[in-house]
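# Working through the structure, step by step
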Amino acid sequence: MSGATVDRPVLNEAMRRVEEGESGGIVVYDVKRFGRTLIDSLGLIKRITEAGATFASVQDGFDLSTQGGRLAMRMMLVLAEDELERITANWDEARRRAVERGVHLTATVPFGYRRRDDNGLEPDPVNAPVLTELFERRANGEGWSDLSR
C-alpha cells in the first residue's frame, strides 16, 4: 500500500510485533517505501525506538544512534513527502487533461457503455437502453428489489 497513509495492515501488524517485543525492529529497503509523510513516519520511528527496537533503511544507511544519522533520516523523509506531493500534482494534472479529452481512466468500463479505440466511452447499443430504463424507473420511485428483478 502507499506510504502516503499510515494505516496499512502489514505495517500495523509489524508495529504490533515490535511493540509487543515479538520483533527486534523494522528494516525497509528505502525510507521512501516506509512512509511519505514526515510527521507520520517520525511518529512510527519514535514508537519503534521507544519499544527498544531498531529501525533501519538498507538503501539509505543512516545510523539513528547518531545525531547526523537522525538528521539524514529526517531530510530523506522531507524529500519523500515532497516527492509524493509532486507525483500527486502530476497525476492530478494528467487525469484532468485525460478527462478533458474524454478518456475514461479506469480499467473497467461502466455498465451500459463500451470503450472506443481512442479510450473514450460510448453508449453500448444493447445495455445502454437497459441502464436508461433502470434510471428512469428509480427516478419514478421504484425500489431497488424491484429493479434488481
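Up top is the structure these notes are about.
Note that the structure is a prediction, hence the values are computed from the model and not measured.

How each quantity is defined
Position numbers for residues start from 1 in each chain and track the written sequence from start to end. Side-chain atom pairs in this predicted model are given and counted only at pLDDT of 80 or more, local residue features only at pLDDT of at least 70, and totals for whole chains, interfaces and linings cover all residues. Working from all heavy atoms in the structure, the side-chain values ignore hydrogens and water. Nonpolar cores were defined as sets of buried Ala, Val, Leu, Ile, Met, Phe, Trp, Tyr and Cys residues, with membership established by side-chain atoms within 4.5 Å. Buried means the residue's accessible area, taken with a 1.4 Å probe over protein chains only, is under 20% of the maximum for its type, while exposed means over 50%, and partly exposed covers the values in between. Think of it this way: any DSSP run of H or I at least four residues long counts as a helix, any run of E at least two long counts as a strand, and we number them from the N terminus. Every residue pair with non-hydrogen atoms within 4.5 Å of one another is taken to be in contact. For two strands to be treated as a pair, DSSP must find no fewer than two bridges joining them. Here a polar contact is taken to be a pair of N or O atoms separated by no more than 3.5 Å, where protein atoms must pair a possible hydrogen donor with a possible acceptor and residues adjacent in sequence count only if both atoms sit in side chains. Inter-axis angles, ranging from 0 to 180 degrees, are taken between N-to-C directions of lines fitted to C-alpha atoms, where helices are fitted over the stretch in contact. For this classification, under 35 degrees means roughly parallel, over 145 means roughly antiparallel, 65 to 115 means roughly perpendicular, and everything else is oblique. Whether a crossing is left-handed or right-handed is set by the direction in which the near helix is turned from the far one by less than a right angle, anticlockwise for left-handed and clockwise for right-handed. Nonpolar residues are Ala, Val, Leu, Ile, Met, Phe, Trp, Tyr, Cys and Pro. Charged residues are Asp, Glu, Lys and Arg, and all others, Gly as well, are polar. Note on ring pairs: Phe, Tyr and Trp rings are taken, using the six-membered ring of Trp, and paired if centres are within 6.5 Å. Classes follow the plane angle, with under 30 degrees stacked, over 60 edge-to-face and the rest tilted. Salt bridge criterion: a side-chain nitrogen from Lys or Arg within 4 Å of a carboxyl oxygen from Asp or Glu. For this count, His and the chain ends are skipped, Lys and Arg are scored as positive, and Asp and Glu as negative.

## Considerations on the nonpolar core
With 17 residues, the main nonpolar core has I26, F34, I45, I48 and F55 as its most contacted residues. Where this core is concerned, the elements lending two or more residues are α1 (9–19), β1 (25–28), α2 (31–34), α3 (38–50) and α4 (67–100). No other element matches α3, which puts four residues into this core. Setting aside residues no more than four positions away along its own chain, I48 makes contact with M15, V18, I26, F34, A53, T54 and F55.

## Here's the deal with the pairing of β1
The alternating pattern of β1 places I26 and V28 on a buried face and G25 and V27 on a face that is not buried. In this sheet, strand β2 (residues 54–57) lies alongside β1 in parallel orientation, the contact comprising four bridges. Looking across to β2, one finds that G25 is bridged to T54.

## Considering the side chain of T37
With respect to the helices and strands, the residue T37 is situated in the loop between α2 and α3. Only 3.1 Å separates the side chain of T37 from the side chain of D40, close enough to count as a polar contact.

## A word on the packing of α3 against α4
For any two helices packed against each other, one specifies the crossing angle of their axes together with the interaxial distance. Here α3 crosses α4 at 140 degrees, and the two axes come no closer than 9 Å. Taken together, α3 and α4 sit at an angle that is classed as oblique. Here the hand of the crossing between α3 and α4 comes out right-handed. Residues L38, S41, L42 and I45 of α3 touch α4, and the partners they reach there are M73, R74, L77, V78 and E81. Taken together, the residues of the contact of α3 with α4 break down into six nonpolar, one polar and two charged.

## Structural notes on the environment of R16
Within the secondary structure layout, R16 lies in helix α1. In this structure the C-alpha to C-alpha distance between R16 and I48, which are 32 residues apart in sequence, comes to 9.8 Å. Engagement of the side chain of R16 in a polar contact is seen with the side chain of E20, the distance being 2.7 Å.

## Description of the packing of aromatic side chains
Evaluation of the coordinates by the stated rule reveals two aromatic pairs. Both rings, one in F34 and one in F55, keep their centres 4.7 Å apart while their planes meet at 55 degrees; by these two values the pair is tilted. Taken together, the positions of F34 in helix α2 and F55 in strand β2 put the pair 21 residues apart, joining distant regions of the chain. Geometrically, the ring pair formed by F55 and F62 is stacked, given 6.4 Å between the ring centres and 20 degrees between the ring planes. Put simply, the rings of F34, F55 and F62 touch in pairs and so form one group of aromatic residues.

## Points about the pattern of salt bridges
Evaluated as defined, the whole model comprises 16 salt bridges. Where K46 meets E50, a salt bridge forms, and the shortest distance between an N and an O atom there is 3.8 Å. Residue K46 and its partner E50 are located together in helix α3, separated by four residues, close to a single helical turn. E50 gets classed as exposed once you look at its relative accessible area, which sits at 59%. One continuous salt-bridge network, built from bridges that share partners, spans E13, R16, E20 and E22.

## With respect to the side chain of D30
Here D30 is to be found in the loop between β1 and α2. Here D30 occupies a buried position and makes no salt bridge, while the nearest side chain of opposite charge, K32, is found at 4.3 Å. Dropping the residues within four chain positions of it, D30 is found in contact with S57, Q59 and D60.

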